[in-house]
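# Report on the structure
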Amino acid sequence: MRTCYFGFLFLMLGLVAASTIKADGWDRQSDNFQIRTFRGGPSAVKLLARCEQLRSDLQQVWLGGDDRHDWSPRCQVIVHASKASYQTAIGRGGAQTSGSSLVQSVEGEIVLRRIDLLYSEERGASALPHELTHVVLADRFDNGRPPRWLDEGIATMADPTEKRTLHQRDCHAALRSGDALPVVQLLHLDEFASAKQVPAFYGQSLSLVHFLGSQDEPIRLVEFAETAGHKGYDRALREIYQIDGVAELERRWRTYALRHGTQAPQALVSLVR
Ligand SMILES: [Zn+2]
C-alpha cells in the first residue's frame, strides 16, 4: 500500500452526467467506480461524477489515447467520516495522511483498485486527485507499479499550490543542507531507509518530474520511465530528453532546483475545472 500525506484542496465537484446506479454494498456505481460514503458526507452522485471526470483528464494528460478501457475491477472509493475508520481501513503508517490508494495485481493483471479518503468539513475529500493519479498510472506499468519517484512526483502535480510549495521547500532545504538524495538513488528508491529521506524524496520527486516534464510534452515522462525500465536510465535520458546520462541529469536538475528556490513549480497540468 502506498499512502500519501495530503494538504489542502477544495474539490470542485463536477456535475458531469454519468450513468450511476446503486449496487450491493455501494452507494453508487458507474463503469469505472464504486462509491461508498456516509450519512451527512459528500454526495455519492457528485463524487462519482468527479471521479469519472478526473480519470478521463488524468488519462488524457499522462497516458494519451492509450489505456482508456473500462476498469475491471472497478476502482472502489470509500469516504471515511472519522480518522478511526480511515486508519482501520488503511492500516498502520497512515497517521498523517488523508488519502490512500491500493492497487494489487496477480501475474500482471490488476485485481484490486481502491482509494480510501478521510473526509473533513474544511477540506472535503481533498486527497482524491493525488490518489486517483496513482491508480491511473498503475495501468501502464508491470504489476501496477511505476517507479516510485515518478509515481509520487506526478501524483503531487495534482496537489494544490500550498502543498506543492511545502514540497519545494523540503527539496530546497535538502539541497542546501546536503541531505538531498543523489539522483541515481532517487530514481531507484523503493523503500525509505530513514524518516529523514521522506521529505527530501517527495520534494525532489516533484522537482525532478517538473524539470523533465518541462523539457518536452508531459506525456513523455511515462514513456521515459517505460524506456528506462527496459534499457536503463542512462539510455532513456539520451533517447527521450537528449540528456547525457544520470550524471548530467544530476548537474542540470540541481542547477534548475536551486534556481527555482522555494517557490512551488507551476503545475504542468490543470485538473481542477
Ligand atoms: Zn502519493
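Residues numbered from 1 in each chain as written. Predicted model: local features only at pLDDT ≥ 70, side-chain atom pairs only at ≥ 80, totals over all residues. Heavy atoms only, no water.

Looking at an unreviewed UniProt entry, the protein chain carries the name Peptidase MA-like domain-containing protein, with the source organism given as Blastopirellula retiformator.

## Points about the overall build of the protein chain
The condition is simple: Each helix is a run of H or I in the DSSP string that is no shorter than four residues. Each strand is a run of E no shorter than two, and both are numbered from the N terminus. We call a residue buried when its accessible area falls under 20% of the maximum for its residue type, exposed when it is over 50%, and partly exposed in between, using a 1.4 Å probe and counting protein chains only. Surface accessibility follows the Shrake-Rupley procedure with a 1.4 Å probe radius. Residue values consider only the protein chains on display as shielding.
Within the protein chain, the regular secondary structure consists of ten helices and seven strands. Expressed as a percentage of the 273 residues in the protein chain, the buried residues total 53%. Carbon and sulfur atoms form 47% of the exposed surface of the protein chain, whose accessible area is close to 12500 Å².

## Some remarks on helix H8 (residues 220-231)
Defined as follows: Each residue after the first adds 1.5 Å to the expected span of a helix. Any pair of residues with heavy atoms lying within 4.5 Å of one another is described as a contacting pair.
Given a rise of 1.5 Å per residue, twelve residues ought to cover 16 Å, and the 16 Å separating the end C-alpha atoms of H8 matches this to within 8%. Taken as a whole, H8 has its buried residues at Leu221, Val222, Phe224, Ala225, Thr227 and Ala228. In this fold, the buried residues of H8 make contact with helix H1 (44-63), helix H3 (128-138), helix H4 (148-157), helix H7 (197-213) and helix H9 (233-241). Where H8 terminates, the next one or two residues include Gly232, which has phi positive at roughly 95°.

## A word on the nonpolar core
For the record, the criterion: The term nonpolar core refers to a set of buried residues drawn from Ala, Val, Leu, Ile, Met, Phe, Trp, Tyr and Cys, joined through side-chain atoms within 4.5 Å. For the domains described, the bounds stem from an automatic or database domain assignment.
Counting 65 residues, the largest nonpolar core has Leu132, Trp149, Leu212 and Trp253 as its most contacted members. Both domain 1 (2-145) and domain 2 (149-260) contribute no fewer than three residues apiece to this core. When near neighbours in sequence (up to four residues on either side) are disregarded, Leu132 contacts Phe33, Cys51, Leu54, Arg55, Leu58, Trp71 and Ile115.

## Considerations on the packing of H7 against helix H10 (residues 245-260)
Quick note on the threshold: Angles shown run from 0 to 180 degrees and are taken between the N-to-C directions of axes, each axis being a line fitted to C-alpha atoms and, for helices, limited to the stretch in contact. Orientation labels follow simple angle bins: below 35 degrees gives roughly parallel, above 145 gives roughly antiparallel, 65 to 115 gives roughly perpendicular, and whatever is left gives oblique. Amino acids outside the nonpolar list (Ala, Val, Leu, Ile, Met, Phe, Trp, Tyr, Cys, Pro) and the charged list (Asp, Glu, Lys, Arg) are all regarded as polar, and Gly is one of them.
For the pair H7 and H10, interaxial distance at closest approach is 10 Å and the crossing angle is 105°. Compared by their axis directions, H7 and H10 come out roughly perpendicular. Listed contacts from H10 to Gln204, Ser207, Leu208, His210, Phe211 and Leu212 of H7 are Leu249, Arg252, Trp253, Tyr256 and Ala257. Classifying every residue of the contact of H7 with H10 by side-chain character gives seven nonpolar, three polar and one charged.

## Considering the pairing of strand E7 (residues 109-118)
The cut-off we apply is this: Two strands qualify as a pair provided that DSSP identifies no fewer than 2 bridges between them.
Across the ten residues of E7, seven count as buried, placing the element largely inside the fold. By the bridge criterion, six bridges tie strand E5 (residues 75-80) to E7 in an arrangement that is parallel. Note that in E7 the partner of Cys75 across the bridge is Arg113. Where strand E6 (residues 99-106) meets E7, eight bridges bridge the pair, whose relative direction is antiparallel. Each residue of the ladder has a partner; that of Val103, found in E7, is Arg113. Taking the residues that link successive antiparallel strands as the turn, the E6-E7 hairpin has two residues, and the phi of Glu107 there is positive, at about 50°.

## Quick notes on H4
Along H4, ten of the ten residues are buried, which leaves the element largely enclosed by surrounding structure. Those residues of H4 lying buried are Arg148, Trp149, Leu150, Asp151, Glu152, Gly153, Ile154, Ala155, Thr156 and Met157.

## With respect to the packing of H8 against H9
Note the following rule: Note on convention: near helix rotated counterclockwise from far helix by under a right angle means a left-handed crossing. Clockwise means right-handed.
Direction vectors running N to C along H8 and H9 enclose 145°, while the axes themselves pass 7 Å from each other. The hand of the H8/H9 crossing is right-handed. From H8, Arg220, Leu221, Glu223, Phe224, Thr227, Ala228 and Lys231 reach across to H9, where they touch Tyr233, Arg235, Ala236, Leu237, Glu239, Ile240 and Tyr241. When its residues are assigned to classes, the contact of H8 with H9 shows eight nonpolar, one polar and five charged.

## A short note on the packing of aromatic side chains
Counted only if it meets this: A pair of Phe, Tyr and Trp rings is counted when the ring centres sit within 6.5 Å of each other, with Trp represented by its six-membered ring. The angle between the planes then sorts it: under 30 degrees is stacked, over 60 is edge-to-face, the rest tilted. Distance and angle both matter: a charge sits over a ring if NZ of Lys or CZ of Arg is within 6 Å of the ring centre and within 35 degrees of the ring normal.
Counted according to the given criterion, the structure contains nine aromatic pairs. Taken together, a centroid distance of 5.6 Å and an interplanar angle of 70° make the contact between Phe33 and Trp71 edge-to-face. Highlighted residues: Phe33 in strand E4 (residues 33-36) and Trp71 in the loop between H1 and E5, separated in sequence by 38 residues. Note on Trp149 and Phe224: the rings are 6.3 Å apart at their centroids and 65° apart in plane angle, and the pair reads as edge-to-face. A residue pair is termed long-range when its members are at least 10 positions apart, and Trp149 in helix H4 and Phe224 in helix H8 qualify at 75 residues. Each member of the pair, Trp149 together with Phe224, is buried. Ring-pair connections join several aromatic residues into one group, and the members of that group are Trp149, Phe224, Tyr233 and Tyr241. Just above the ring of Trp71 sits the side chain of Arg55; from NZ or CZ to the centre is 4.5 Å.

## Here we look at unusual backbone geometry
A cis amide bond, omega 5°, links Ser72 with the succeeding residue Pro73. Note on placement: Pro73 falls in the loop between H1 and E5. Phi is positive for Glu107, close to 50°, though the residue is something other than glycine. Mapped onto the elements, Glu107 comes out in the loop between E6 and E7. Under the relative-accessibility criterion, Glu107 is labelled exposed at 80%. Backbone geometry at Gln242 places phi at a positive 55°, although glycine is not the residue there. Residue position: Gln242 is located in the loop between H9 and H10. The exposure class assigned to Gln242 is exposed, which follows from its relative accessible area of 58%.

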